[in-house]
Amino acid sequence: MINRFLVLVCLVGVTGCLASDPMQEGTGFSDRQGMQKIKRQETRAPREIDRSILTARSFQEAPLLAQQVAKGSLPPISERLPDNPLVIVPVDTIGQYGGIIRRALTGDIVQTAGPSKTLNENLMGFSRPLPDSIVLGLAEKYEFLDNGRTALFYLRKGVKWSDGHPFTVDDILFWYYDMTFDDDARNNPFPPAGWVVDDEPMRFEKVDDYTLKIVSPKPLGRVLPELCRELIAAPKHVLAPLHPKYNANATYESFRDSTTNGMRILKPGIPRLSAWVPVEWIRGQRIIYERNPYYWKVDTAGKQLPYADSLAFNIIQDTQVILLRFMNGELDLFGRYTRVDMLPTLKSEERKGKFEVRITGPGRGPAYHVNWDCKKLGLREAFRNKKVRMALSHAINREEINEIVFHGLLDAAGFSFGPVSPFFDEKMYRMYSTFDPNLASRLLDEAGYRDSDGDGFRELKDGTLFELTLDYVSPGGLFSDQAVSELVSAHWEAVGIKVHLNGALRDIIVPRRYNNEYDVHYWGLEGPNDPLFYAIGWGIMAKNVPYWHQNSFEEGPDWLWEVTKNLKLAMTTVDTSLLRGYMTKARDLHSENVPIIALGSMYNVWGASTRLGNVPRENIGDNAFLGWSRPVFHEQIYVKPEK
């Protein structure tokens, strides 16, 4: 068993504040409080590229592309790369071209997040493998004007889509106005809240083909983190003919069907800016991606990335089968579906030399979400009582769960900003997390929930049994959902609350969560975190959010409105001292009011085949930074030649 105190603690911190130097290569962030720095992996690759390579444009390319150039079917590499390609320092060494990186998904349409996070590009990006800064991406520089109310982003001239068509500001404006804020064209019911200020979308303007202006009535404190997430552009030259605005014969229904996340990430034919592009999609079986000949990044030796020729996702519904195929050497990376209960098996098989196990973090962890708008009115009243929520938290024996289920990889805590946040506070992080069933019982008594008939279970205010249904994913939950829920069920029943367990497939459990059809919902990736990167989970940022209190816009408590006010102020300031004050206030209000029953933060267990080079030894598997996939830094991973 691995003791969690022996696991190195990752110190990277992230915030939404703006850079003091608007032209700098990266925006550094404050270290988290009270966390030990890890020893960074040292690279053997050159730290900087020889400037003569850039001047002479003497880049190197994969043999497969060189063959196409020789045949005349592809322009020379000097013409395919932008004027100022993004230079990447490899994690370990300059890689070699060729080979295929093999991964697995449990589904294709329902698991688009896997390839999407892997392939994500944007104007900016989180540094990798550890997100301790925001770095430049498709933008080569940026600046803020008008006290932060206006931002200018300068695109890299000469970047091309994977079909060779130029990437310009027009592609960004098409995505923003014709897809995202066109109610008829958008696939989601609401536009993303991150681009809305005071109920109005930010204004995007074209200065020239390579200069984007973003204007807001308030300082753009949120804009850099937003530009690290999903690409804010779409290939207008391909998609505009499908849009009724540009083609009178087109329909919005057809446009929406053609531009879903699944179509844009899985279907061959829609150009991309990512390292690989889809070339084969056999539903329910596999998705094959091949290198993008126009990819706009090079390493410090001048070699165009990616190193691997292909990236393949095999569709394997059973996570245990994924585990077996990884251990047998049929898959190269295993992290999206790993569970801590797989650790003993992985460690036992690791000695055979086919793969290495990684333990990184801590990041987000497991939590129980009580439904503040539960359709059972008596239960709704109970969940909105702070003493009941405190009792539910104190009744849980987190250390028992840690030892029995998580193999020492759970950092037991309550609901607050997690260790990944620059506004982390140890005291707030541990609030209400001590195991104290006597205190839990006393709090329930004080809240007016007692066992009047002596049957061992308490009653709600209307006299009915205090009982709840606990939803979790089964089989295949990422964090041993059933085992944890069985333990928590016993803990809550020990203080007089009757629990019914409801384990079902993800496709059943997740819609129940978003359709407000649950009592309590367990999820393994939503414990302590930093709300600047997932504000809709922490504040009343729009109607129907946060999902655990969908009626909060009409019925939200005063403290949650105060949190929302502070989050909005934090996202619209460029003053770092004010930022800390706003975030501290939001943190303390959430911690004190315990709206969600968190178990703590998790260390991530994952593995990589020894046939791969440049696999990071540390990363953050946190959805705020695009999950486990993005920090693995696929484009600079290479396949070692066979001996």
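Here, the structure is the one placed above.
Definitions and cut-offs
- Along each chain, the written sequence defines residue order, and numbers are assigned to residues from 1.
- pLDDT decides what is reported in this predicted model: residues at 70 or higher carry local features, side-chain atom pairs at 80 or more are listed and counted, and totals for whole chains, interfaces and linings draw on all residues regardless.
- The side-chain quantities take in all heavy atoms of the structure and omit both hydrogens and water.
- Secondary structure counts use DSSP, requiring at least four H or I residues in a row for a helix and at least two E residues in a row for a strand, with both numbered from the N terminus.
- Polar contact is defined as a pair of N or O atoms within 3.5 Å, subject to the rule that within protein one atom must be able to donate a hydrogen and the other to accept it, and that residues adjacent in sequence are counted only when both atoms are side-chain atoms.
- Using a 1 Å grid laid over the protein atoms alone, points where a 1.4 Å probe fits but cannot get out form a cavity; open sets with protein on both sides within 12 Å along at least 5 of 7 lines form a pocket; any residue with an atom within 4 Å of a point counts as lining.
- Grid points are joined across faces, edges and corners, and a volume is the space filled by probe spheres set on the points.
- Burial status follows relative accessibility: with a 1.4 Å probe on protein chains alone, a residue under 20% of its type maximum counts as buried, one over 50% as exposed, and anything between as partly exposed.
- What the arc measures is the spread of directions leading from the helix axis to the C-beta atoms.
- A contact between two residues is defined here by any heavy atoms of the two lying within 4.5 Å.
- Classification used: nonpolar for Ala, Val, Leu, Ile, Met, Phe, Trp, Tyr, Cys and Pro, charged for Asp, Glu, Lys and Arg, polar for all others including Gly.
- Salt-bridge detection follows one rule: a side-chain nitrogen of Lys or Arg within 4 Å of a carboxyl oxygen of Asp or Glu.
- Helix axes use the C-alpha atoms of the stretch in contact, all axes being lines fitted to C-alpha atoms, and the angles between their N-to-C directions lie in the range 0 to 180 degrees.
- Orientation labels follow simple angle bins: below 35 degrees gives roughly parallel, above 145 gives roughly antiparallel, 65 to 115 gives roughly perpendicular, and whatever is left gives oblique.
- By convention, the crossing between two helices is left-handed when the near helix turns anticlockwise from the far helix through less than a right angle, and right-handed when the turn is clockwise.
- What we call a nonpolar core is a set of buried Ala, Val, Leu, Ile, Met, Phe, Trp, Tyr and Cys residues that are connected through their side-chain atoms within 4.5 Å.
- Side-chain rings of Phe, Tyr and Trp (the six-membered ring for Trp) are treated as a pair once their centres are within 6.5 Å; stacked means planes under 30 degrees apart, edge-to-face means over 60, and tilted covers the remaining angles.
- When the NZ atom of lysine or the CZ atom of arginine is within 6 Å of a ring's centre and also within 35 degrees of its normal, the charge is said to sit over that ring.
- Pairing between strands is defined by DSSP: at least two bridges between them are needed.
- To estimate the expected span of a helix, subtract one from its residue number and multiply by 1.5 Å.

Enquirer: Break down the side chain of T319 for me, citing the residues and quoting the values.
Expert: For T319, the location among the structural elements is in helix 10 (residues 319-327). Here R339 takes part through its side chain, which lies 3.2 Å from a polar atom of the side chain of T319.

Enquirer: Pulling in residues and values, what's your account of empty space enclosed by the protein?
Expert: Tallied over the entire structure, the rule returns two cavities of 30 Å³ or more. Here the second largest cavity is characterised by a volume of approximately 50 Å³. In this structure, the second largest cavity is lined by R103, A104, I322, L331, L333, F334, G335, R336, Y337 and W628.

Enquirer: Explain helix 10 residue by residue, including any values.
Expert: Within the sequence span of helix 10, burial applies to T319, I322, L323, F326 and M327. Angularly, the buried residues of helix 10 cover 130 degrees about the axis, an arc narrow enough to put them on a single face. The secondary structure elements touched by the buried residues of helix 10 are strand 3 (100-105), strand 16 (333-334), helix 11 (343-350), strand 17 (355-363) and strand 24 (600-609). Capping the start of helix 10 is the job of one residue whose side-chain oxygen sits 2.8 Å from the backbone nitrogen of Q320: D318. Backbone geometry just after helix 10 places G329 at a positive phi near 85 degrees.

Enquirer: For the side chain of T93, give the residues involved together with the corresponding values.
Expert: By secondary structure assignment, the location of T93 is in the loop between strand 2 (86-88) and strand 3. Not counting residues within four places of it along the chain, the set of residues in contact with T93 comprises T43, R44, A45, Y307, N614 and Y638.

Enquirer: Go over the layout of surface pockets, please, and point to the residues and values.
Expert: The space that makes up the second largest pocket amounts to roughly 1,300 Å³. V87, V89, S127, R128 and V135 are, among the 45 residues lining the second largest pocket, the residues nearest its centre. Contributing elements (two or more residues each) for the lining of the second largest pocket: helix 1 (51-56), strand 2, strand 4 (124-126) and strand 5 (133-136). A per-class count over the lining of the second largest pocket returns 22 nonpolar, 10 polar and 13 charged.

Enquirer: Requested: an account of the pattern of salt bridges, with residues and values cited.
Expert: What the rule picks out here adds up to 36 salt bridges. Of the charged contacts, one joins R286 and E280 as a salt bridge, the two residues approaching to 2.8 Å between their closest N and O atoms. With relative accessibility at 29%, the residue R286 sits in the partly exposed group. The exposure class of E280 is partly exposed, given its relative accessible area of 29%. Salt-bridge contacts for D332 lead to R611; the nearest nitrogen and oxygen are separated by 2.7 Å. You can see D332 sitting in the loop between helix 10 and strand 16 and its partner R611 sitting in the loop between strand 24 and strand 25 (612-613), a full 279 residues away along the chain. The exposure class of D332 is buried, given its relative accessible area of 0%.

Enquirer: Account for the packing of helix 10 against helix 11, with residues named and values stated.
Expert: Between helix 10 and helix 11, the least distance of the axes is 11 Å, while the angle of their chain directions is 15 degrees. Viewed along their axes, helix 10 and helix 11 adopt a mutual orientation that is roughly parallel. Remark: the crossing between helix 10 and helix 11 carries right-handed chirality. For the pair formed by helix 10 and helix 11, the contact residues are L323, F326 and M327 on the first element and T345, L346 and E349 on the second. Class assignment of the residues belonging to the contact of helix 10 with helix 11 gives a composition of four nonpolar, one polar and one charged.

Enquirer: An account of the nonpolar core is needed here, citing residue identities and associated values.
Expert: The biggest cluster of nonpolar side chains holds 174 residues, and the ones touching the most others in it are L123, F153, W195 and W492. Ranked by residue count, the leading element in this core is helix 5 (residues 169-180), at seven residues. Among residues more than four places away in sequence, those in contact with W492 are Y368, L392, A395, I396, L468, L470, I497, V499 and V520. Judged by nonpolar contacts, the second largest core, of seven residues, contains I49, I53, L54 and L81.

Enquirer: Residue-level account of the packing of aromatic side chains, with values.
Expert: Enumeration over the complete set of coordinates arrives at 30 aromatic pairs. On the basis of an interplanar angle of 65 degrees and a centroid distance of 5.0 Å, the ring pair of F424 and Y429 is categorised as edge-to-face. Here the two residues F424 and Y429 agree in accessibility, since each one is buried. A network of ring pairs unites the aromatic residues W175, Y176, Y177, F181, W195 and F204 as a single cluster. For the cation-ring pair, R358 lies above W606, with the distance from its terminal atom to the ring centre recorded as 5.7 Å.

Enquirer: Give me the lowdown on the sheet that holds strand 21 (residues 498-504), citing residues and values where you can.
Expert: Judged by pairing direction, the sheet is mixed, and its five strands sit side by side in the order 21-20-22-18-23 without closing on themselves. Each edge of the open sheet is held by one strand with a lone partner, namely strand 21 and strand 23 (597-598). Here helix 17 (residues 481-493) sits on the sheet in contact with strand 18 (367-370), strand 20 (467-473), strand 21 and strand 22 (520-523), set at roughly 165 degrees to strand 20.

Enquirer: Account for the environment of G72, with residues named and values stated.
Expert: Tracing the backbone through its elements, the reader meets G72 in the loop between helix 2 (63-71) and helix 3 (77-80). Judged by relative accessible area, which is 61%, G72 ranks as exposed. Spatially, the C-alpha atoms of G72 and Y534 are 47 Å apart, while their sequence positions differ by 462 residues.

Enquirer: Tell me about helix 20 (residues 558-570), and name the residues and values.
Expert: Helix length check: helix 20, at 13 residues, gives a terminal C-alpha distance of 18 Å against a target of 18 Å (1.5 Å per residue), a fit within 8%. On its buried face, helix 20 is in contact with helix 19 (552-555) and helix 21 (576-593).

Enquirer: Tell me what's going on with the environment of L86, and back it up with residues and numbers.
Expert: Note on placement: L86 falls in strand 2. Its relative accessible area of 12% is what places L86 among the buried residues. Distance in space between the C-alpha atoms of L86 and A139 is 9.3 Å, their sequence separation being 53 residues. Ignoring anything within four residues of it in the chain, the contact list for L86 reads L136, G137, R156, W296, K297 and V298.

Enquirer: A description of the sheet that holds strand 12 (residues 276-282) should follow, citing residues and the corresponding values.
Expert: Pairing is mixed across the open sheet formed by four strands, whose spatial order is 3-15-13-12. With one partner strand each, in any of the chains shown, strand 3 and strand 12 form the two edges of the open sheet. Direction aside, the axes of adjacent strands within the sheet are offset by 20 degrees on average. In the sheet, strand 12 pairs with strand 13 (residues 286-291) via six bridges, with the strands oriented antiparallel. Considered in strand 13, the bridge of E280 is made with I288.

Scope: geometric values only; no functional claims are made or implied.
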